[in-house]
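Survey of secondary and tertiary structure
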Amino acid sequence: MGRAGGFEGEVGQGGAAAADGDRGLFAQRNSGDHIRVHLIQRVPADWITAGGLTLQDTDGIRAHLLERYRDWSPRLRRLISDNDGPSVDRPIFALPVPHTWEHNPTVTLLGDAAHLMPPLGVGVNLAMLDACELALALALARHDTVGEAVRTYEKTMLPRSTETARLLDGAAAELLSTELPDFATTDHR
Ligand SMILES: Cc1cc2nc3c(=O)[nH]c(=O)nc-3n(C[C@H](O)[C@H](O)[C@H](O)COP(=O)(O)OP(=O)(O)OC[C@H]3O[C@@H](n4cnc5c(N)ncnc54)[C@H](O)[C@@H]3O)c2cc1C
């Protein structure tokens, strides 16, 4: 995370992304005049300890990343070098598709716990939709029991999340793709 001042050319008023097939960078304007920078790498999950580092070693992590991105434009490398730290490590996991379970009248799942997918921009929306639908099913008292409300929620949520999870299955690699998205034909509904 770094102060936004001085990065207008790189990040503009919204976000910026770059990738070379093996490494990616995604910078996004956040509140409080800050820019959050995500670096996306195709590396083993233990890349920090394997590199003799700890997550608390902000300078060491920064030097390691600058070395990995050494061939990149100095303007983009500034987004790695000129930040406040500390770093957060977020390995990318996904649940199997479909992810279902035997109905239990008093327990259910929502959000990532129900359908963790590659981070391609849908997780928060799905989590909020799940929460609204479950809350409505429980609150509207259209059901005689909690179990029926849970079943109604799951009947909508499970097919919806399975359909999206199928679309995104294995799509984490797209975060590193050098192909530009085809904005002219992509359906953004
Ligand atoms: C790098 C990255 C970028 C992403 N970008 C986007 C994006 O641009 N758009 C988008 O829609 N989605 C994005 N996502 C996905 C999105 O963040 C998730 O889908 C969303 O946060 C899921 O919400 P949730 O409430 O289900 O889970 P979470 O947000 O993970 O919330 C779960 C909460 O439960 C807490 N918790 C865990 N265990 C316990 C426990 N035992 N007791 C008490 N509390 C506990 C956790 O600390 C956490 O606060 C991104 C994800 C990642 C990793």
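Positions within a chain are numbered from 1, following the residues in the order the chain's sequence is written. In keeping with the predicted nature of the model, local features appear solely for residues at pLDDT of at least 70, side-chain atom pairs appear and are counted solely at 80 or more, and the whole-chain, interface and lining totals rest on all residues. Side-chain measures here rest on the full set of heavy atoms in the structure, leaving out hydrogens and waters.

What to know about the overall build of the chain
- Each helix and strand in the chain was counted, giving seven helices and four strands.
- By the criteria applied, helices consist of DSSP H or I runs no shorter than four residues and strands consist of E runs no shorter than two, each listed in order from the N terminus. Order of helices (α) and strands (β) in the chain, N terminus to C terminus: β-α-β-β-β-α-α-α-α-α-α.
- Its C-alpha atoms give the chain principal-axis dimensions of about 60 × 40 × 30 Å.
- Here, two residues are considered to be in contact whenever any of their heavy atoms come within 4.5 Å of each other. For the chain, long-range pairs separated by at least 24 residues make up 59% of all intrachain contacts whose partners lie at least 6 apart in sequence.
- Carbon together with sulfur atoms contributes 56% to the accessible area of the chain, which is approximately 12000 Å² in total. Values of accessible area rely on a 1.4 Å probe in the Shrake-Rupley scheme; residue burial ignores everything except the protein chains shown.

Some details on the site of the ligand
- Nearness here has a simple test: a residue counts as near a molecule or strand if at least one of its heavy atoms is within 4 Å of that partner. The full set of residues close to the ligand is His38, Arg90, Gly111, Asp112, Pro119, Gly121, Val122, Gly123, Val124, Asn125 and Ala127.
- The term polar contact refers here to a pair of N or O atoms within 3.5 Å; inside protein, the definition further demands a hydrogen-donor-capable atom paired with an acceptor-capable atom, and it admits residues adjacent in sequence only when both atoms are side-chain atoms. A distance of 3.2 Å is found between an oxygen atom of the ligand and a backbone nitrogen or oxygen belonging to Gly123.
- One of the backbone nitrogen or oxygen atoms of Val124 is found 2.8 Å away from an oxygen atom of the ligand.
- If one sorts the elements of the shell around the ligand by residue count, helix H6 (residues 123–139) sits on top with four residues.
- Amino acids are sorted into nonpolar (Ala, Val, Leu, Ile, Met, Phe, Trp, Tyr, Cys and Pro), charged (Asp, Glu, Lys and Arg) and polar (every other residue, Gly among them). In terms of residue class, the shell around the ligand is made up of four nonpolar, five polar and two charged.

Focus: empty space enclosed by the protein
- Here the term cavity refers to a set of points on a 1 Å grid, laid over the protein atoms alone, in which a 1.4 Å probe fits but cannot get out; the term pocket refers to an open set having protein on both sides within 12 Å along at least five of seven lines, with lining residues being those that place an atom within 4 Å of a point. Grid points are joined across faces, edges and corners, and a volume is the space filled by probe spheres set on the points. Going through the model one piece at a time under the given rule, you end up with two cavities of 30 Å³ or more.
- There is about 90 Å³ of room inside the largest cavity.
- Contributing to the lining of the largest cavity are 15 residues, with Leu95, Pro96, Val97, His115 and Ala165 lying nearest its centre.
- Elements supplying a minimum of two residues to the lining of the largest cavity: helix H5 (112–115) and helix H7 (146–168).
- In terms of residue count, the dominant contributor to the lining of the largest cavity is H7 (three residues).
- Tallied by class, the residues present in the lining of the largest cavity amount to 10 nonpolar, four polar and one charged.

Focus: the side chain of Glu10
- Within the secondary structure layout, Glu10 lies in helix H1 (residues 8–11).
- Side chain to side chain, Glu10 and Arg75 meet in a polar contact 3.1 Å long.
- Beyond its immediate stretch of four places on either side in the chain, Glu10 contacts Ala16, Arg75, Arg78 and Leu79.

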